[in-house]
Amino acid sequence: MRFEFASSEKRSVLRAVFEEGDGTEGQRAEGAGRTIIYSGEDIEFDYGVTAVHPDLLGLLCLIIFYPFVGERVVFPVPVSPRLEEAFRNPNFRRQLSFDNVDSGIEAYSGSRMALAFGGGIDSSAVRTMFPEAYVVHEAHWRDGRLVPAGTHGVVHSMGLDRGRVVATNQRYVSEPGGWHGWTCSLATALLLATDHDFGIILMGTPLGGTLLKAGTGYFDRFRARGWHGVTGNFWQSAFNAVGIPVFSPVCGASAFLTMGLSLDLIRAGEVFYCTEQGGQACLQCPKCCRRDIIRAVVEPGHRPHWAPYDNRAVHNYLSQDPQSQGHLFSYARPRVGGLPRFIRARLKGLQQIRSDWPMRVHAGTFDFCDDRWRPAISERVLEHLDPMGPEEIAELETWNGARQARGLGAGRFARMLRRDS
Ligand SMILES: [Zn+2]
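Cut-offs applied
- Residues numbered from 1 in each chain as written.
- Predicted model: local features only at pLDDT ≥ 70, side-chain atom pairs only at ≥ 80, totals over all residues.
- Heavy atoms only, no water.
- Axes fitted to C-alpha atoms, helices over the stretch in contact; angles between N-to-C directions.
- Helix = DSSP H or I, 4+ residues; strand = E, 2+ residues; numbered from the N terminus.
- Parallel < 35°, antiparallel > 145°, perpendicular 65-115°, else oblique.
- Contact = heavy atoms within 4.5 Å.
- Nonpolar A, V, L, I, M, F, W, Y, C, P; charged D, E, K, R; others polar.
- Donors = N, O, S within 2.8 Å, 3.2 Å for Na, K, Ca; no water.
- Buried < 20%, exposed > 50% of the residue type's maximum accessible area, 1.4 Å probe, protein only.
- Arc of directions from axis to C-beta.
- Polar contact = N/O pair within 3.5 Å; in protein donor to acceptor, adjacent residues only side chain to side chain.
- Pairing = 2+ DSSP bridges.
- Salt bridge = Lys/Arg side-chain N within 4 Å of Asp/Glu carboxyl O.
- Phe/Tyr/Trp six-rings, centres within 6.5 Å; stacked < 30°, edge-to-face > 60°.
- Lys NZ or Arg CZ within 6 Å of the ring centre and 35° of its normal.
- Domains from an automatic or database assignment.

Visitor: Where do I start with the packing of helix α9 (residues 255–267) against helix α10 (residues 286–298) in this structure?
Guide: Angle between the axes and distance between the axes are the two parameters that describe a pair of packed helices. Interaxial distance between α9 and α10 falls to 9 Å at its minimum, and their mutual angle equals 90°. It follows from the interaxial angle that α9 and α10 lie roughly perpendicular. Of the residues in α10, those touching α9 at A255, F256, M259, G260, L263, I266 and R267 are R291, I294, R295, V297 and V298. For the contact of α9 with α10, the residue count by class is eight nonpolar, one polar and three charged.

Below, the structure written as structure tokens:
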């Protein structure tokens, strides 16, 4: 695959020229690897770059087009051996050969923090702790039209010296739509990095996404560094390798803690986590239900209107086995007064949590951060959050979101759920 890149005052365009061996059908670079079909559209951004370091541009090409690359890659300008080395990590399913590599290219480095800002609770928690981070929010073009989102107004109102909305079609250039991998959420920050002197990209992925396999069981990411590289994730490690490390300051903190940190911004109407009701939270979907349960734990005065959650989608969501984000529900169940019976009953059989690890940060996760940034970032986070103790960490490590029938047969368990709901 050969890449071309052009930038004018207000626009940047990235084009992939397909060659023999490349294919417009690929696998999404994460999760179950769903099949996606590339439309052939150029990737456009409504931001014109003044400068972009060759390795950052090369990485941008790969995070967007990796699912469709065959073997050979030719970048718009030569890249350094650091990028090539990062993609030799055997976790990448295909080993690519880079055509234009120049060992004389100096390593990228920058001095400012950026925040890849989604606008939801977790990235708002990072925004609260790191107000100095330059906020970059991706707006999406779909079929030539801007997809409306409340976060656009939030970031516009910050002013261009503190944050910027960058519109692009990258999320919808394949069918079915969606980013090709989680690192695509970093693409706009990567594009702006050289111009803005970004030295690190912060993001808001909480504990459930780093050590808990979406809350279904413990994942030893510390051990995974042995084959994933310093960050415990091979894609994330590729960013570190080219001098623009990526780190989530809340990767050791549960969604209870990110909720607590975001409360002021939520009350100010600056947080958007569900947009089903004309851009606002619908207060009846599983996501809204989870958010209300989480908020009821950290804000005892919060009295959600539970009745609209008594619907099929929520019941199905709360009957998963293993239960996604199960640790949050386990912890909340005995601690939220007034949780209705139809929710309590669904959460039966989840492993109990006796200590308060969901309310503390796992300080070991700062090891996933680049050395140069670690002291300042860990110090800041620990000004806001208390660290887990050894016993809390031990309980976290045994967390399992599988349903425990406790001697009940599956049929009897199902009947119990039906009776209770
Ligand atoms: Zn909703």
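Here the narrative resumes.
Visitor: What am I meant to see in the coordination of the zinc ion here?
Guide: Around a metal, the perfect tetrahedron of four donors has angles of 109.5 degrees, and the perfect octahedron of six donors has angles of 90 or 180 degrees. For the zinc ion, the full set of protein donor atoms is C274 (SG), C282 (SG), C285 (SG) and C288 (SG), at a range of 2.3 Å. For the zinc ion, all donor residues lie on one chain, and their spacing in sequence is C-x7-C-x2-C-x2-C. Taken together, the residues span a long stretch of sequence, with C274 in the loop between α9 and α10 and C285 in the loop between α9 and α10 at a distance of eleven residues. By relative accessible area, which is 6% here, C274 ends up buried. You can call C285 buried: its relative accessible area is 17%.

Visitor: Sorry if this is basic, but what is going on with helix α14 (residues 374–384) here?
Guide: Counting along an α-helix, one turn takes 3.6 residues, and residues three or four places apart therefore face a common direction. The set of residues buried in α14 consists of I377, S378 and V381. Along α14, the residues classed as buried sweep out an arc of 95° about the axis, all on the same side. α14 presents P375, E379 and E383 as exposed residues on the side facing more than 90 degrees away from its buried surface. Those residues of α14 that are buried lie in contact with β8 (112–116), α3 (121–129), β13 (198–202) and β14 (246–247).

Visitor: How do you make sense of the packing of α3 against α9 when you look at a structure like this?
Guide: The N-to-C vectors of α3 and α9 enclose an angle of 80°; their axes lie 8 Å apart at closest approach. Comparing the axis directions of α3 and α9 gives the class roughly perpendicular. Contacts between α3 and α9 involve I121, D122, S124, A125, R127, T128 and M129 from the former and T258, M259, L261, S262, L265 and I266 from the latter.

Visitor: Would you take a moment to explain the side chain of S330 for this structure?
Guide: Its location among the elements puts S330 in helix α12 (residues 326–332). From its side chain, S330 meets the backbone oxygen of Q351 in a polar contact 2.7 Å long. In contact with S330, not counting residues within four places along its chain, are R335, L350, Q351, I353 and W399.

Visitor: Explanation requested: the pairing of strand β9 (residues 134–142) in the structure shown.
Guide: Both faces of the sheet carry side chains from a regular strand, because those side chains alternate between them. Across the nine residues of β9, eight count as buried, placing the element largely inside the fold. In this sheet, β9 lies alongside β8 in parallel orientation, the contact comprising three bridges. Directly across from A114, in β9, lies its bridge partner Y134. As judged from the six bridges shared by β9 and strand β11 (residues 163–168), these two strands associate in the parallel manner. Bridged to V136 within β11 is R164.

Visitor: In this structure, what is going on with the pattern of salt bridges? I would like to understand it.
Guide: Any two side chains of opposite charge can pair, on the condition that their charged atoms come close. Using the criterion set out here, one finds 18 salt bridges in the structure. Across the pair E299 and R295 runs a salt bridge, and its minimum N-O distance is 2.6 Å. In this structure E299 comes out as buried when scored by relative accessible area, which is 16%. Note that R374 is salt-bridged to D371, the shortest N-O span being 2.9 Å. Here R374 falls in the partly exposed class, since its relative accessible area comes to 23%. Taking the relative accessible area as the measure of exposure, D371 reaches 56% and is therefore exposed. Residues joined by salt bridges that share partners form a network here, namely R2, E4, R15, E19, D42, R72 and D99.

Visitor: Please explain the packing of aromatic side chains as it appears in this structure.
Guide: Within a pair of aromatic rings, the relevant descriptors are the distance that separates the centres and the angle that separates the planes. All chains considered together, the criterion is met by 21 aromatic pairs. Centroid distance Y317 to F329: 5.9 Å. Interplanar angle 75°. Geometry classified as edge-to-face. Note that Y317 is positioned in helix α11 (residues 312–317) and F329 in helix α12, a separation of twelve residues in sequence. By relative accessible area, F329 is classed as buried at 1%. Among the aromatic residues, ring-to-ring pairing joins F3, F18, Y38, F65, Y66, F68, F75, F87, F92, F98, F234 and W235 into one connected group. Lying across the ring of W179, R171 places its NZ or CZ 4.5 Å from the centre. Its end group placed over the ring of Y331, R335 keeps NZ or CZ at 3.7 Å from the ring centre.

Visitor: So what exactly am I meant to see when it comes to the environment of R267 here?
Guide: Here R267 lies in helix α9. Leave out the neighbours within four places in its chain, and R267 touches R295 and E299. Within the structure, the side chain of R267 is placed 2.7 Å from the side chain of E299, a separation counted as a polar contact.

Visitor: Can you help me understand the domain arrangement of the protein chain in this one?
Guide: When the parts of a complex come together, some accessible area is lost, and that lost area is often taken as the interface size. Split by domain assignment, the protein chain resolves into domain 1 (2–98), domain 2 (112–254 + 372–389) and domain 3 (273–356 + 397–420). Placing a centre on the C-alpha atoms of domain 1 and another on those of domain 3 gives a separation of 40 Å.

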